[in-house]
Amino acid sequence: MLVLENIHTHYGKIEALHGVSVEIKKGEIVSLIGANGAGKTTLLMTVCGDPQASSGRVLFQGEDITHKPTAQIMRSGIAIVPEGRRVFPGLTVEENLHMGGFFTSKQEVRRSQDHVFELFPRLKERRNQRAGTMSGGEQQMLAIGRALMTKPEMIILDEPSLGLAPLIIKQIFEIISSLRDEGITVFLVEQNAKQALKLADRGYVLETGRIRLEDSGANLLANEDVQKAYLGG
Amino acid sequence: MHDVMYFLQQLINGLTVGSAYALIAIGYTMVYGIIGMINFAHGEIYMIGAYVSLIVITGLAVTSPAWIPLVLLVALICAIIVSSSMGWAVERIAYRPVRGQHRLIPLISAIGMSIFLQNYVHLAQGSRNIGFPLLIEGGISLGGSGGGFQANLSYMQLTIFIVTLVCMTGLSLFISRSKTGRACRAVSQDLKMSSLLGIDTNRIIAATFVIGAALAAVAGLLLGMYYGSIDPLFGFIAGLKAFTAAVLGGIGSIPGAMLGGLVLGVAESFTSGYLSGEYKDVVSFGLLILILLFRPTGLLGKPEVEKI
């Protein structure tokens, strides 16, 4: 579904990704783990075309999207839950969801919204509340719900557990695994490596802009190097 | 009785000019809210709105002594179309190519655009001021029939109030209810996230320039007729005043721009009425300095957290 071929990405003159290749198949949950500054977010944002890769190719459903503008990429079936959630604080819950379905029809927005409210009854209770006044967990639910409004084929999640209480984290991971049941492909970036690998079909370990390891989630969990570096073992 | 009537008259005059300032200030505040920059060519767009309406009015009045409301409506529509295109062009030419660069660069290109437009009108229309016919005459006398001072509300002033009210209501509904309005708010809160939701942020940014320009064109027609003459520098001082109004109310806030415009208009009018007309500008720009010193976020603005 998503293929990254030998991606190099630069911020100005600094190269953040030194030839990264990743492949995600339809219906998979793939986790990308790595330390701070390894380039995880850069990798995700390169898929979204912001910043664009300076060399290499990004293919989504067989189509080359490397140099397409961000807005166009995000209309082709990819949705993102960005780092730090980035809900629109001044907009209500409902308005935030409508922004997620901006380029779909009115009927589709209504249908998707009902679906999101089914998944997150809490959001329905707070539909007229301004997003900025909600708790971190609620905002994270809203960010996921907003991404689902586009009816994506693939959803990219950047550190969805960051800054949340353990109980909420558990909920969020349950939601992520339920996305798979809906047939949505999931590309997950996490510092919470244990949870992320448990959930994942496959995983990649990113270190200073290069893919160091690639294996099934279970094998990576059992891997000694991974345990030492990322699981505190 | 005399004092009350005099006061009332100053208030009416102040609110008249103030509502027009508010209309122009909306353009500054919307563009600032969305890209964090001041559109320095906005005053010129307002001036062009005034010129276009004058040209249309003159043309229509010469060809046929038509029904005045229709003439005004046609002039208004033409002014809005031309000014909106100008607003769109300013964004395309002076802002979009240099977006993401250092903040000073779009500032300079916008000032360049402003100088260009001013001089273009100089060449095309001459630099002398031209009379603007007052098509809405008459008014209502307020207050007793005695010999004292009578406050007067002219129909022109009434028109300015009503048109401004309609525009502001329309704008508020547009921003709060419509899909594009919602997108404007979303883009102003988080531009990058908006594009990550597949929203064409360039289109939304262009839309704010166009909306601001359309309102400036309305103000151009109204104030041009109210003052009775226009010249190519007509937009310069009004632009500065409206900018002051936007800062006064809290730049980035639409209700702030409305309030700022009214406050500034009334302050100016009371200065002219009770002190001297010459101190008018001193007071408005003094007010700007005071606001910047003691309440930089303006009357209704929120303290801004520097975006990372």
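Model, not experiment: these values are computed from the prediction. (Residues numbered from 1 in each chain as written. Chains lettered and ligands numbered in written order. Predicted model: local features only at pLDDT ≥ 70, side-chain atom pairs only at ≥ 80, totals over all residues.)

Quick look at the interface of chain A and chain B
Next up, step 1: Facing the 19 residues of chain A at the interface are 14 residues of chain B.
Next up, step 2: Listed by contribution, the elements that provide at least two residues to the side of chain A that touches chain B are helix H2 (70–73) and helix H3 (93–100) of chain A.
Next up, step 3: Ranked by the residues each element gives to the side of chain A that touches chain B, the list is headed by H3 of chain A, at four residues.
Next up, step 4: The residue makeup of the side of chain A that touches chain B, split by class, is 11 nonpolar, five polar and three charged. (Contact = placed C-beta atoms within 7 Å. Helix = DSSP H or I, 4+ residues; strand = E, 2+ residues; numbered from the N terminus. Nonpolar A, V, L, I, M, F, W, Y, C, P; charged D, E, K, R; others polar.)

Considerations on the domain arrangement of chain B
Residues and elements named next belong to chain B.
Next up, step 1: When its domains are assigned, chain B resolves into domain 1 (35–138 + 154–232) and domain 2 (237–308).
Next up, step 2: Each of domain 1 and domain 2 has a C-alpha centre, and the two are 20 Å apart.
Next up, step 3: Contacts between the two partners involve seven residues from domain 1, matched on the other side by five residues from domain 2.
Next up, step 4: Of all elements in the fold, only helix H2 (42–63) and helix H5 (155–177) reach the threshold of two or more residues within the side of domain 1 that touches domain 2.
Next up, step 5: The dominant element in the side of domain 1 that touches domain 2, judged by the number of residues it contributes, is H2, at three residues.
Next up, step 6: Of the residues assigned to the side of domain 1 that touches domain 2, the class counts are five nonpolar, two polar and no charged. (Domains from an automatic or database assignment.)

Examining the confidence of the model for chain B
Should pLDDT be low for a region, the predicted coordinates there are not to be read in detail.
All names here are of chain B.
Next up, step 1: Residues at a pLDDT of 70 or more form 94% of chain B, whose mean pLDDT is 91.
Next up, step 2: Ranking the elements of chain B by mean pLDDT puts strand S2 (residues 139–142) last with 85 and helix H8 (residues 201–227) first with 96.
Next up, step 3: Predicted as a complex, the structure gets a pTM of 0.90 and an ipTM equal to 0.91. (pLDDT = per-residue confidence, 0-100.)

Some remarks on the sheet that holds strand S4 (residues 55–60) of chain A
Residue and element names in this part refer to chain A.
Next up, step 1: On the basis of which strands lie adjacent, the open sheet formed by four strands has the order S2-S1-S4-S5 and antiparallel pairing. Across the chains shown, the open sheet's two edge strands, defined by having one partner strand only, are strand S2 (14–24) and strand S5 (63–64).
Next up, step 2: With respect to the sheet, helix H1 (residues 40–47) is in contact with strand S1 (2–11), S2 and S4, its orientation differing from that of S2 by roughly 70°. (Pairing = 2+ DSSP bridges. Axes fitted to C-alpha atoms, helices over the stretch in contact; angles between N-to-C directions.)

As for the sheet that holds strand S9 (residues 202–207) of chain A
Strand pairing in a sheet relies on backbone hydrogen bonds. The paired strands run either parallel or antiparallel.
All names here are of chain A.
Next up, step 1: On the basis of which strands lie adjacent, the open sheet formed by six strands has the order S6-S7-S8-S3-S9-S10 and mixed pairing. At either margin of the open sheet sits one strand with a lone partner, and together these are strand S6 (78–81) and strand S10 (210–216). Mean inter-strand twist for the sheet, computed between neighbouring axes without regard to direction, equals 15°.
Next up, step 2: In terms of strand pairing, S6 meets strand S7 (residues 154–158) through four bridges, oriented parallel.

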